[in-house]
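Notes for the structure review
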Amino acid sequence: MDQSSVLLWVKAEPFIVGALQVPPPSKFSLHYLRKISTYVQIRATEGAYPRLYWSTWRHIACGKLQLAKDLAWLYFEIFDSLSVKTPEERLEWSEVLSNCLSEEEVEKQRNQLSVDTLQFLLFLYIQQLNKVSLRTSLIGEEWPSPRSRSQSPDLTEKSNCHNKNWNDYSHQAFVYDHLSDLLELLLDPEQLTASFHSTHSSLVSREAVVALSFLIEGTISRARKVYPLHELALWQPLHADSGFSKISKTFSFYKLETWLRSCLTGNPFGTSACLKSGKKLAWAHQVEGTTKRAKIACNTHVAPRMHRLVVMSQVYKQTLAKSSDTLVGAHVKIHRCNESFIYLLSPLRSVTIEKCRNSIFVLGPVGTTLHLHSCDNVKVIAVCHRLSISSTTGCVFHILTPTRPLILSGNQTVTFAPFHTHYPMLEDHMARTGLATVPNYWDNPMVVCRENSDTSVFQLLPPCEFYVFIIPFEMEGDTTEIPGGLPSVYQKALGQREQKIQIWQKTVKEAHLTKDQRKQFQVLVENKFYEWLINTGHRQQLDSLVPPAAGSKQAAG
């Protein structure tokens, strides 16, 4: 079988979820990563290879790279969250942490964690995706830009490229441009020259190609099955092309690199393919008198489980509510939505909300990362494994999360508040994504940006401004209260407000109004309430709950 029948592409998830949207530490440069690669491979007995233990990585990151311990843990934990684990394993880990009574006990538990060493090195290297390059910013991207040939029909190139984590052309260009470096990073130390470079006769181990499957996968033409890279590279009919020798059980560096370059193509399950030929969903209605066209596309009808994408753009002035199999386990991107109320009540893999304004997003549990970028006056209500935010202004986050929320660069007036809602399937969805109610770090964010580490960029919601949020849809399920309850100070504020209402009702009752007075009084109260609805914007929220031809059960569609 000739090599033209093999198609390889760069996986989206390591970039969507794994590349932190902030310039990487300068010590994650190739020079230092090569040194780390050699260091760990010659310390196989010290918890460094083939599995890298947290204690060893902490020693390397803090002792040799001079990273803060929190930052060292952040990268280790993000990579660990990408690894394939059952929801039960994730819940077990949450339980272990919630039983720890001190920082020392937490550290003791972390010391038992390990990650795949070679894949972790690749993960550290792809953090360069968001490196700010003066040269690139002056002259633009260097490598072939398929963008010019196949313009995305639904999102303009400019907006599509803004966020490299979602741009599959950026993923492909990054791996193609840095393929030699990626391979050299995986070589056994004896295959490198003194300056850490490969030679024409360098050999690549099977383990290295297995590690590269973290970033690359593929298929054989006309076959529907997706294979990890190493399975294709080790497939007997492809040995001549991939450079695998049965005798040495290694690959020729030169042949392997040539084969990879010749087979790399666009990701058939990437954002561009989803926008170009994905299934269009009629979830949003078009608002009369506006030129904006709501566009929602998904690839769930063709994509394998881990490759599902849903992209929605320009939902304007409406309520959109879904609990759908299309969303289950999907990476969701919400782009340029304005003055809308969006409910996605299914277990989700990741969510990116970008360039949205004046909107409320209520999400089902997010198994990996919930990221907001360039949003104004947005409220997000979610249970998520991790929250990260960049370039947001005046946003409020009601979250339940087992990791510290990440405040990246460019944020202003960020407010964190406790998760304050529920829907009937919520606890079931949390169990399916491996998210527990403890530990919960909603109120302990981590400022991760070079510009400043000023904590005044955020505040915790004052309890006097706190109200619970009611999801106004009928669904089947057993959850009847907020998972984990509310922090006592917020619960107390609700109790005090409830007391005031009871006093007010008692006062009205004791006034002994006549029938006419009661009518008059009711009109006054209703007018005041109506005024309040308009002034707070809640009127639009209520009106949009009654779409042209649907009732309150649209969430189940």
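Structure: above.
Described below are features of the structure shown in this document. Position labels on residues start from 1 in each chain and follow its written sequence. Reporting of local features is limited, given that this is a predicted model, to residues whose pLDDT is at least 70; pairs of side-chain atoms are given and counted only at 80 or more, and all residues count toward the totals for whole chains, interfaces and linings. Heavy atoms throughout the structure, all of them, feed into the side-chain values; hydrogens and water do not.

**Considerations on the overall build of the protein chain**
Note the following rule: Numbering of helices and strands runs from the N terminus, with a helix taken as a DSSP run of H or I at least four residues long and a strand as a DSSP run of E at least two residues long. Relative accessibility decides the category of a residue: with a 1.4 Å probe and only protein chains considered, values under 20% of the type maximum give buried, values over 50% give exposed, and everything between is partly exposed. Contact criterion: two residues are considered in contact whenever any of their non-hydrogen atoms come within 4.5 Å of each other. Note that accessible areas follow from Shrake-Rupley with a 1.4 Å probe, and for residues the cover is restricted to the protein chains shown.
Across its full length, the protein chain carries 21 helices and 23 strands. Taken over 557 residues, the protein chain has a buried fraction of 52%. Excluding contacts between residues fewer than 6 apart, the proportion of contacts in the protein chain whose partners are at least 24 apart in sequence is 58%. Within the structure as shown, the protein chain displays about 26200 Å² of accessible surface, and the carbon and sulfur contribution to it stands at 53%.

**Quick word on a negative patch on the surface**
Filter applied, for reference: Like-charged residues within 9 Å of one another, or nonpolar side chains (Val, Leu, Ile, Met, Phe, Trp, Tyr) within 5 Å, are grouped into patches, provided each residue has over 30% relative accessible area and no salt bridge. For this document, the term salt bridge refers to a Lys or Arg side-chain nitrogen within 4 Å of an Asp or Glu carboxyl oxygen. In this tally, Lys and Arg are treated as positive and Asp and Glu as negative; His is ignored, and so are the chain termini. In plain terms, the charge of a residue is placed at NZ if it is Lys, CZ if Arg, CG if Asp and CD if Glu.
On the surface, Glu88, Glu89, Glu92 and Glu95 cluster together into a negatively charged patch. Along the chain, the position of Glu88 falls in helix H5 (residues 87–98). Taking relative accessible area as the criterion, Glu88 reaches 54% and is therefore assigned exposed.

**Remarks on the side chain of Arg90**
Where we set the bar: Polar contacts, as counted here, are pairs of nitrogen or oxygen atoms within 3.5 Å of one another; within protein the pair requires one atom able to donate a hydrogen and one able to accept it, and residues that are adjacent in sequence qualify only if both atoms are side-chain atoms.
Residue placement: Arg90 occurs in helix H5. Here Arg90 sits buried without a salt bridge, and the closest side chain of opposite charge, Asp80, lies 5.4 Å off (N-O distance). Among the polar contacts made by the side chain of Arg90, one reaches the main-chain carbonyl oxygen of Ser81 at a distance of 3.3 Å. Sequence-distant contacts of Arg90, that is, excluding residues within four places in its chain, are made with Asp80, Ser81, Ser83, Lys85, Thr433 and Gly434.

**So, the packing of aromatic side chains**
Rules: Two rings from Phe, Tyr or Trp (for Trp, the six-membered ring) form a pair when their centres sit within 6.5 Å of each other. Planes less than 30 degrees apart are called stacked, planes more than 60 degrees apart edge-to-face, and all others tilted. Throughout this description, the term charge over a ring refers to an Arg CZ or Lys NZ atom that lies within 6 Å of the ring centre and within 35 degrees of the ring normal.
Counted according to the given criterion, the structure contains 20 aromatic pairs. When the centroid spacing of 5.6 Å and the interplanar angle of 65 degrees are considered together, the rings of Phe79 and Phe120 count as edge-to-face. Of the two residues, Phe79 is situated in helix H4 (residues 69–82) and Phe120 in helix H7 (residues 117–126); the sequence distance between them amounts to 41 residues. The exposure classification of Phe79 matches that of Phe120, with both residues buried. Ring centres 5.9 Å apart and planes at 70 degrees place the aromatic pair Trp442 and Tyr490 in the edge-to-face group. Here the residue Trp442 occupies a position in the loop between helix H18 (426–433) and strand S22 (446–447), and Tyr490 occupies one in helix H19 (residues 488–510), the gap between them amounting to 48 residues. For the pair formed by Trp442 and Tyr490, the shared burial category is buried. In textbook terms, an aromatic cluster arises when at least three aromatic residues are bridged by ring pairs, as seen for Trp54, Trp57, Trp73, Phe76, Phe79, Phe120, Phe123 and Phe214. The lysine or arginine in question, Arg110, covers the ring of Trp73, its NZ or CZ lying 3.9 Å from the ring centre.

**Points about empty space enclosed by the protein**
What counts, and what does not: Cavity means a closed set of points on a 1 Å grid over the protein atoms alone, one where a 1.4 Å probe fits but cannot get out, pocket means an open set with protein on both sides within 12 Å along at least 5 of 7 lines, and lining means a residue has an atom within 4 Å of a point. Grid points are joined across faces, edges and corners, and a volume is the space filled by probe spheres set on the points. Each residue receives one of three labels: charged for Asp, Glu, Lys and Arg, nonpolar for Ala, Val, Leu, Ile, Met, Phe, Trp, Tyr, Cys and Pro, and polar for the others, Gly being one of them.
Counting across every chain of the model gives four cavities of 30 Å³ or more. There is about 110 Å³ of room inside the largest cavity. Together, 15 residues line the largest cavity, and Ile16, Val17, Ala19, Thr369 and Ser388 are the ones closest to its centre. Where the lining of the largest cavity is concerned, the elements lending two or more residues are strand S15 (350–354), strand S17 (366–373) and strand S18 (376–390). For the lining of the largest cavity, the element with the highest residue contribution is S15, accounting for three residues. The residue makeup of the lining of the largest cavity, split by class, is seven nonpolar, seven polar and one charged.

**Here's the deal with the sheet that holds strand S1 (residues 6–10)**
Worth spelling out the cut-off: Whether two strands pair depends on DSSP finding at least two bridges between them.
Strand order in the open sheet made by the three strands is S1-S5-S6, with antiparallel pairing throughout. Of all strands in the sheet, those with a lone pairing partner are S1 and strand S6 (227–228), marking the two edges. Strand direction decides the pairing type here: S1 and strand S5 (residues 216–220), joined by five bridges, are antiparallel. Considered in S5, the bridge of Leu8 is made with Gly218.

**Some thoughts on the sheet that holds strand S4 (residues 203–205)**
On the basis of which strands lie adjacent, the open sheet formed by three strands has the order S4-S8-S7 and antiparallel pairing. Edge positions in the open sheet fall to S4 and strand S7 (244–245), since each of these has one partner strand only. The sheet contact formed by S7 and strand S8 (residues 250–252) spans two bridges and is antiparallel. What sits directly across from Phe244, in S8, is Phe251.

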